[in-house]
Amino acid sequence: MPIRPLSISPRLLRIGLIASLSLPLAAFTACERTPPAATASDPAKALPVALVKEEKAASVIILGDAVDSDLHQIALDFVETVRQATSAEIPILAESGAATGLPAEVARIYLGPCAEAAALGITPEGLPEEGYRIVTRGNALYIVGRDEARPEDELQIVSKPTRWALNHLLERQLGVRWLWPGKLGTYVPKARELVIPAMDLTAQPRLEQRRIRISVKSTSPILSGDAETDLRLRREAATWAENHQQGQRSRVVFGHAFGHWWERYSAQHPDYFALPPEGVTQPLWNKPGWIKLRLSNPAVIEQIAREYEEAGKPEYYNVCPNDGAGFDLSPETLAWDIPQGQKKDDIWKARANLTGRYVKFWNLLYERLREINPDVKLSTYAYHSYKTPPTAERPLTAKAVLGIVPGYKDYALWEGWSRQEGTVGMVLRPNWGHIGANAPYLPVEETASYMRFAWGERMQGFDLDSLVGFWSTQGLIYYTWARMMTHPEMTADQLIDEYTSAFGQGAPQIRAYFAYWQRLTKEYAYADTYASDDEEAKKGRYMQLLKEGKTQDSFVLGPRLVLPYLYGDDVLQPAYALLDEAKAAIGGGDAEAAARVDFLRDGLRELALTRDAIAMSREINKASPEADRIAFAKLSAELEALREELAPRHVIWSQRVTGYEDRRRVPMRPRTMGLPQLPLEGL
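Rules used in this analysis
Residues numbered from 1 in each chain as written. Predicted model: local features only at pLDDT ≥ 70, side-chain atom pairs only at ≥ 80, totals over all residues. Heavy atoms only, no water. Helix = DSSP H or I, 4+ residues; strand = E, 2+ residues; numbered from the N terminus. Contact = heavy atoms within 4.5 Å. Salt bridge = Lys/Arg side-chain N within 4 Å of Asp/Glu carboxyl O. Buried < 20%, exposed > 50% of the residue type's maximum accessible area, 1.4 Å probe, protein only. Polar contact = N/O pair within 3.5 Å; in protein donor to acceptor, adjacent residues only side chain to side chain. Pairing = 2+ DSSP bridges. Core = buried A, V, L, I, M, F, W, Y, C linked by side-chain atoms within 4.5 Å. 1 Å grid on protein atoms, 1.4 Å probe; cavity = no way out; pocket = protein on both sides within 12 Å on 5 of 7 lines; lining within 4 Å. Points joined across faces, edges and corners; volume = space filled by probe spheres on them. Nonpolar A, V, L, I, M, F, W, Y, C, P; charged D, E, K, R; others polar. Axes fitted to C-alpha atoms, helices over the stretch in contact; angles between N-to-C directions. Parallel < 35°, antiparallel > 145°, perpendicular 65-115°, else oblique. Phe/Tyr/Trp six-rings, centres within 6.5 Å; stacked < 30°, edge-to-face > 60°. Lys NZ or Arg CZ within 6 Å of the ring centre and 35° of its normal.

**Some remarks on the environment of Ala-117**
Move 1: By the element assignment, Ala-117 lies in helix 4 (residues 115-119).
Move 2: Measuring from C-alpha to C-alpha, the distance between Ala-117 and Val-144 comes to 8.4 Å, with 27 residues separating the pair along the chain.
Move 3: For Ala-117, the contacting residues outside a window of four places in its chain are Ile-122 and Tyr-142.

So, in structure tokens, the structure goes:
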């Protein structure tokens, strides 16, 4: 973003705001350049700094004379949050325009790069990557962060340690929590003062990568038909992610790495690619990005080595196999498999154990790339049919960072890879966001336990696919992912306590509401396509429905097709009753807490209508009477309209969810079922 001089907002420097400091307006005409020397340079004499006293501002924020719009916005967000908590509005001043006559008792908050902080050696350049520093000196507070510059796409989520530093104060001193995007999802307890204890803290997130896939690009709208509201929603989503320290400093790159090979090399080198079964033509399903390599062909390793040199010989090199089925059936590659003798059809369709062939390939490839760069490390997935940990007869010796795609119970999977000789780091890369459809499927305890375990077993990154946008029904699990990225010490009970505290006097009933859904989560036990065998899931209601042919073994279709069987009115009514009890306990004295209960209720409304659309779709086809097809089309349109109504409050991300279902052909509206469109106007 371009650097420009700070323009002090009249909204922040209006007479009422200045009056809250009980200081004359003339006091803000120039800058007191140097804090009292005795306290500014002596950490031992640092004292607590009062920012707000008795609901009156006792401080000012001072920004350097040239700040970018991100830092200005971070300051504004802090001021607004403090105002919500204490009713006091802290002024924001440009350093060159701050007051020489500012009384000594008024605290200065030097935020970001400025001359006063630099004079004390407090600068972003002196911090570790993604680091921030908070220092108290006398009656001054210095806060700097090594912020990442935002690229042209203003909504792209980047590392903002200055925001995290301010959030450190808001969390610990005021108990602020960011539950879901937007004002209602930000819990700000009331307080009469804000006092920062004496400190000199330098910090950075422990995980090198912290990512929940929550696309905020302009090409991925949340709401249709209202560009201004959609932009607000995407901005609020980006801010929520940054408040939870999303970002990265890792140089490790993951992603299916060979999607370009078919187009580039197939004409001259068909031997680079997997040998298919007889009668099958490559690329499988006309998806060149899915095609697999013929791992046993030495020319493949040599071609990767050439591309590695062309890429500049980086320390970390992505060699993740392409996604999907279609694995090599050449005799030479089959000879690499452990165990031998697996069915060729299972191998081709990704139902076999192919870890042995990939470990041998990675070991050989690593030795070749080491000749080019002795410090090279591979980055690759342990995924799908090559996720089973290596056997003792063929360990992973290649230096590698591994992305693991586990279920909630895959402890042995993680441990088996993390303890390999060559493993230098692990990234937790689950598909948990796709499980559960739009229902309140809340494996909070399972998630927190697994993430805490992974923290203790060499986890250096977290990359979750994907947060689709069911904030009302699944917001608690989204919050669990976000908090556990930075707080591995937290238990499920602590996470739930934080979340439910935002419901005021209704917190006990909301806790019971979430306990109800957690119990059903365990009872239903959705099968995770990417998980290892889970004995509990085999006994669950979901697996029973799968065996009865009432759903499909798909992490997208499966959880949606079971909605009519698992979330009938008899299941929803106890949940509604608990929300009614919470609303009654809150009474009329806490409108914000009451609105949060309504937020949860709206999610159940949307769930019930989705359930009904899925149920009706089972009875509809092209041969159905027109009256039935019209009724189905009307119900589908009603569901889309409800989603659009709820989206501006983040209850459900309407366009994101509907587009997700359409792309995957979920049978819940005429266009995804190949039915002719019917005119609904006037019906």
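**Overview of the pattern of salt bridges**
Move 1: Tallying each qualifying case throughout the model produces 52 salt bridges.
Move 2: The salt bridge involving Glu-592 is made with Arg-596; its shortest N-O contact spans 3.4 Å. Taken together, the residues Glu-592 and Arg-596, both in helix 22 (residues 591-617) and four residues apart, mark about one turn of the helix.
Move 3: When its relative accessible area of 27% is taken as the criterion, Glu-592 is described as partly exposed.
Move 4: Between Asp-612 and Arg-611 there is a salt bridge, with the nearest N and O atoms lying 3.0 Å from each other.
Move 5: Here Asp-612 falls in the partly exposed class, since its relative accessible area comes to 30%.
Move 6: Taken together, the shared-partner salt bridges in this structure form one network comprising Glu-606, Glu-640, Arg-643, Glu-661, Asp-662, Arg-669 and Arg-671.

**Let's talk about the side chain of Arg-669**
Move 1: If you trace the backbone, Arg-669 turns up in the segment after helix 24 (654-663).
Move 2: For Arg-669, a relative accessible area of 1% corresponds to the buried category.
Move 3: At 2.8 Å, the side chain of Arg-669 forms a polar contact with the side chain of Asp-662.
Move 4: Sequence-distant contacts of Arg-669, defined by excluding residues within four places in its chain, comprise Phe-632, Ser-636, Leu-639, Glu-640, Arg-643, Thr-658, Glu-661 and Asp-662.

**Observations concerning the sheet that holds strand 12 (residues 194-196)**
Move 1: Spatial ordering of the open sheet is given by 3-2-12, a layout of three strands whose pairing is antiparallel. In this open sheet, the two edge strands, each paired with only one partner strand, are strand 3 (56-57) and strand 12.
Move 2: As paired elements, strand 2 (residues 49-53) and strand 12 share three bridges and run antiparallel to each other. Each bridged residue has a counterpart across the sheet, and for Val-52 the counterpart in strand 12 is Leu-194.

**A look at the nonpolar core**
Move 1: Ranked by internal contacts, the top residues of the largest apolar core, which has 197 residues, are Leu-51, Ile-90, Trp-362, Trp-417, Trp-517 and Tyr-567.
Move 2: For this core, the element with the most residues is helix 22, which contributes 11 residues.
Move 3: Filtering out sequence-adjacent residues up to four positions away, Trp-517 remains in contact with Pro-440, Leu-442, Tyr-567, Val-571, Leu-572, Ala-575 and Leu-604.
Move 4: The next biggest cluster of nonpolar side chains, apart from the first, holds 15 residues, and it includes Ile-62, Ala-98, Ala-117 and Val-135.

**A few points about the pairing of strand 4 (residues 59-63)**
Move 1: Of all five residues making up strand 4, five are buried, and the element is well covered by its neighbours.
Move 2: Residues of strand 4 alternate between two faces, with Ser-59, Ile-61 and Leu-63 on one and Val-60 and Ile-62 on the opposite face, all of them buried.
Move 3: Here strand 4 pairs with strand 7 (residues 107-111) via five bridges, running parallel. Along strand 7, the bridge assignment pairs Ile-62 with Tyr-110.

**Section: the layout of surface pockets**
Move 1: In this structure, the largest pocket spans a volume of roughly 1200 Å³.
Move 2: Those elements giving two or more residues to the lining of the largest pocket turn out to be strand 14 (209-212), strand 15 (247-248) and helix 24.
Move 3: Here the element with the most residues in the lining of the largest pocket is helix 24; it accounts for five residues.
Move 4: In terms of residue class, the lining of the largest pocket is built from 19 nonpolar, 16 polar and 13 charged.

**Brief notes about the sheet that holds strand 18 (residues 400-404)**
Move 1: Strand order in the open sheet made by the seven strands is 15-14-20-19-18-17-16, with mixed pairing throughout. Each having just a single partner strand, strand 15 and strand 16 (316-318) make up the two edges of the open sheet.
Move 2: Helix 14 (residues 471-486) contacts strand 14 and strand 20 (459-464) of the sheet and is inclined by roughly 175° relative to strand 14.

**A short note on the packing of helix 3 (residues 69-86) against helix 5 (residues 161-174)**
Move 1: Their axes nearest at 10 Å, the elements helix 3 and helix 5 cross at an angle of 10°. Taken as axis vectors, helix 3 and helix 5 run roughly parallel relative to one another. Counted together, Leu-71, Ile-74, Asp-77, Phe-78, Thr-81, Val-82 and Ala-85 of helix 3 and Thr-162, Arg-163, Leu-166, Leu-170 and Leu-174 of helix 5 form the full contact between these two elements.
Move 2: Tallied by class, residues from the contact of helix 3 with helix 5 come to eight nonpolar, two polar and two charged.

**Some remarks on the packing of aromatic side chains**
Move 1: The full count for this structure, using the stated rule, is 39 aromatic pairs.
Move 2: With 5.1 Å between their ring centres and 50° between their planes, Tyr-411 and Tyr-450 make a pair best called tilted. Of this pair, Tyr-411 sits in helix 12 (residues 411-418) while Tyr-450 sits in helix 13 (residues 444-455); the two residues are 39 residues apart in sequence, bridging distant segments of the chain.
Move 3: Look at Tyr-513 and Trp-517: their rings are 6.3 Å apart centre to centre, the planes differ by 85°, and that puts the pair in the edge-to-face class. With Tyr-513 and Trp-517 both in helix 16 (residues 507-524) and four residues apart, this pair spans about one turn of that helix.
Move 4: Residue Tyr-513 is classed as buried on the basis of its relative accessible area of 1%.
Move 5: On the basis of relative accessible area, Trp-517 is assigned to the buried category, the value being 1%.
Move 6: Aromatic rings pair up to connect Trp-180, Tyr-479, Tyr-499, Tyr-513, Phe-514, Tyr-516, Trp-517, Tyr-524, Tyr-567 and Phe-599 into one cluster.
Move 7: The lysine or arginine in question, Lys-292, covers the ring of Phe-327, its NZ or CZ lying 4.8 Å from the ring centre.

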